[in-house]
Structures are given as structure tokens and as C-alpha cells.
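Read off the chains here:
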Amino acid sequence: MVKVNLVPARRKRRKKILKLAKGYVGSKSTIYKTAHEQVMRSWQYAYVGRKRNKRDWRSLWIRRINAGCSENGINYSSFIYGLKLAGVDVNRKILANLIINKPEIFKFYTELAQKSLFELNNNKLIEDISQSKLDSNDIIKSDLDSDSLTQQSIKKDFSDSVSQNSVSINNSAIDNINDIEKNNSDILEDNSFSPNLSSLKKMNLLNLRQLAKKHNINKVSKLKKAELIDLLLEKL
């Protein structure tokens, strides 16, 4: 079986780590084990440092931009928002360099941001006014709807009262008719009834015909009430 020799790869790996650890104090640059530990730790610190470096530069640019905005009568947040409204795509690094190298260009950007904010405020004011008008129209419409509902309720109450009165009137009329029919039936059943003009006028046409048939008076179906009354007075 062929023997595998790992010496070249191991030596290459060790030389790489020791080269990265060059300049470290003591055994961290000469002994492989301690040098490897220190290199791994250094890489972690370097990763954190790269992220922190970006944060530090960004905070520096923001401080410079804030100072430039204060000189031109606007704060930092309004300036950035105004540039966004105006559609200006310039990062903070360029703005910070403009403050130092080209302050007149930075002043132009501040004026542009202020103009965009002013237009936005005007648009919001117009929208608020239109919304208030719509709200007032809704209030007026609701008042009209409530008035119409009250009118409908009044009409309904009036119609209910009228219907109740009509029902009571109809009931009284029906009672009167029943009384008249009862009196007429009593008259028809009474054999000793002596007809007169007033009593015959109170009777309806059907009862008059029945009275005529009772007294053997024929051919009365086509006669009117007045003619039938005259005939009954004549025969009886």
C-alpha cells in the first residue's frame, strides 16, 4: 500500500497562518497553535471593524450635512425628505463632500428641498379643505335624511290614525246597516204591519221586493225603489 505524505500540505497551511500572524507579540507569531488562535480572533475583530467603520463614516457624513442644513435654515430630516420628494438621488457621502468643496451646490439642494416641502404642504392644505367640504356635505345630507325620516314617520302615524278612524267609521256603518236589516226583517215577519211612506223609505230594495211577494204582488223585479213604494202604498 502506498504511503501518503501530508507534509507539503501541512507545511503550506502552517506557513500561511504564521505569515498572517507576522508582527504579533511573543509566541503568537512563532508557535502555530497560538498563532492560529490569534489569527482566528483577529479575523472576527476585522469583520466587526468593517461594519463599525461604515457606521462611523455614515454618522460623520450626517453630522456634516446637519451643520450645512443649519446654515441654510433647514433641519436634517426635512432636507432628506425634501430631496426624496424632489426625486434627487444623491447619497450622504456626496452631500458631505459638497458642503466642504462646493457649498453653493449644496445650497441649491437645500432650496430645492424647501420648495418640495412647500408644495407638499400646499397640497395637504387643499386636500384638508376639500375633505372638510365633503364632511360638511355629508352632515347636511344626514340632516336631510333625518328630516325625511321624521316626515315619513309623521305620514305613517297620520295614515295609521286615518285607517283606525276609517275602521271605526266602517264598523259603526256596519252596525247601522245591521240594525236596519234587523228592523226590516222584523217588519217582514210582522203580519200586522201597516206600511207608510216613512217606514217603506227606510227599507232597502230587496226587503221591499220580499214584502211585495209576501202580499202576492208580482212583477216587481224590474221596478225601482220609488215605484215599488208607490205600488205597495197603493195595494196595501
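Everything below is about the structure shown above.
Not measured: the values here are computed from a predicted model.

Colleague: Run through the overall build of the protein chain, naming residues and quoting values.
Modeller: Helix and strand content of the protein chain: eight helices and zero strands. Reading the protein chain from its N end, one meets helices and strands in the order α-α-α-α-α-α-α-α. Residues classed as buried in the protein chain amount to 17% of the 236 residues present. Sequence separation of at least 24 residues holds for 40% of the intrachain contacts in the protein chain that already meet a minimum separation of 6.

Colleague: Explain the nonpolar core to me, using residue names and the numbers behind them.
Modeller: Ile 65, Cys 69, Ile 74, Tyr 76, Phe 79, Leu 83, Leu 95, Leu 98, Phe 106, Tyr 109, Ala 113 and Leu 117 form the largest nonpolar core, which has twelve residues in total. The element contributing the most residues to this core is helix H5 (residues 103-189), with four residues. The next biggest cluster of nonpolar side chains, apart from the first, holds eleven residues, and it includes Leu 208, Leu 211, Ala 212 and Ile 217.

Colleague: Which residues make up helix H3 (residues 76-86), and what are the values?
Modeller: Among the residues of H3, those classed as buried are Tyr 76, Phe 79, Gly 82 and Leu 83. In a view along the axis of H3, the buried residues occupy a sector of 130°, so they form one face of it. Where H3 terminates, the next one or two residues include Gly 87, which has phi positive at roughly 80°.

Colleague: Describe the packing of aromatic side chains, and please don't skip the residues or the numbers.
Modeller: Enumeration over the complete set of coordinates arrives at three aromatic pairs. Taking the centre distance of 6.2 Å and the plane angle of 35° together, the rings of Trp 57 and Trp 61 count as tilted. Separated by four residues within a single helix, Trp 57 and Trp 61 lie in helix H2 (residues 32-71), roughly one turn from each other.

Colleague: Summarise a positive patch on the surface; cite the residues concerned and give the values.
Modeller: Side chains of Arg 10, Arg 11, Arg 13, Arg 14 and Lys 15 sit close together on the surface and give a patch of like positive charge. Within the secondary structure, Arg 14 is located in helix H1 (residues 7-20).

Colleague: Tell me about the side chain of Gln 38, and please be specific about residues and values.
Modeller: Residue placement: Gln 38 occurs in helix H2. Classification of Gln 38 by relative accessible area gives buried; the value is 14%. What Gln 38 contacts, discounting residues up to four positions off in sequence, is Tyr 24 and Lys 28.

Colleague: Quick one: what's the story with the packing of helix H7 (residues 205-214) against helix H8 (residues 225-235), residue by residue and with numbers?
Modeller: At a minimum axis separation of 10 Å, H7 and H8 run at an interaxial angle of 30°. What the angle tells us is that H7 and H8 run roughly parallel. As for how H7 packs across H8, the hand of that crossing is left-handed. Taken together, the residues of H8 that come into contact with H7 (itself represented by Leu 205, Leu 208, Arg 209, Leu 211 and Ala 212) are Lys 225, Leu 228, Ile 229 and Leu 232. Each residue belonging to the contact of H7 with H8 can be placed in one class, and the counts come to seven nonpolar, no polar and two charged.

Procedures and definitions
- Every chain begins its residue count from 1, and numbering advances along the sequence as written.
- Owing to the predicted nature of the model, reporting of local features is limited to residues with pLDDT of at least 70; listing and counting of side-chain atom pairs is limited to 80 or more, with chain, interface and lining totals taken over all residues.
- Side-chain numbers come from the whole structure's heavy atoms, not from hydrogens or water.
- Comment: elements are numbered from the N terminus, with helices defined as DSSP H or I runs of at least four residues and strands as E runs of at least two.
- Burial classification: accessible surface area is computed with a 1.4 Å probe over protein chains only, and a residue below 20% of its type maximum counts as buried, one above 50% as exposed, and the rest as partly exposed.
- Should any heavy atoms of two residues lie within 4.5 Å, those residues are counted as being in contact.
- Put simply, a nonpolar core is a bunch of buried Ala, Val, Leu, Ile, Met, Phe, Trp, Tyr and Cys residues held in one set by side-chain atoms that sit within 4.5 Å of each other.
- Starting at the helix axis, one direction is taken to each C-beta atom, and the arc is that of these directions.
- Side-chain rings of Phe, Tyr and Trp (the six-membered ring for Trp) are treated as a pair once their centres are within 6.5 Å; stacked means planes under 30 degrees apart, edge-to-face means over 60, and tilted covers the remaining angles.
- Excluding any residue in a salt bridge, patches collect residues exceeding 30% relative accessible area, merging like charges within 9 Å and nonpolar Val, Leu, Ile, Met, Phe, Trp and Tyr side chains within 5 Å.
- To measure how exposed things are, a 1.4 Å probe is used in the Shrake-Rupley method; for residues, cover is taken only from the protein chains shown.
- Any Lys or Arg side-chain nitrogen located within 4 Å of an Asp or Glu carboxyl oxygen qualifies as a salt bridge.
- For the purpose of counting charges, residues Lys and Arg are taken to be positive, whereas Asp and Glu are taken to be negative. His and the chain ends are not included.
- Where a charge lies is defined by one atom per residue type, namely NZ (Lys), CZ (Arg), CG (Asp) and CD (Glu).
- Lines fitted to C-alpha atoms define the axes, with helix axes restricted to the stretch in contact, and inter-axis angles between N-to-C directions lie between 0 and 180 degrees.
- Throughout this description, any angle smaller than 35 degrees is read as roughly parallel, any larger than 145 degrees as roughly antiparallel, any in the 65 to 115 degree range as roughly perpendicular, and the remainder as oblique.
- By definition, turning the near helix anticlockwise from the far helix through less than a right angle yields a left-handed crossing, and turning it clockwise yields a right-handed one.
- Polar here means any residue outside two lists: the nonpolar Ala, Val, Leu, Ile, Met, Phe, Trp, Tyr, Cys and Pro, and the charged Asp, Glu, Lys and Arg; Gly therefore counts as polar.

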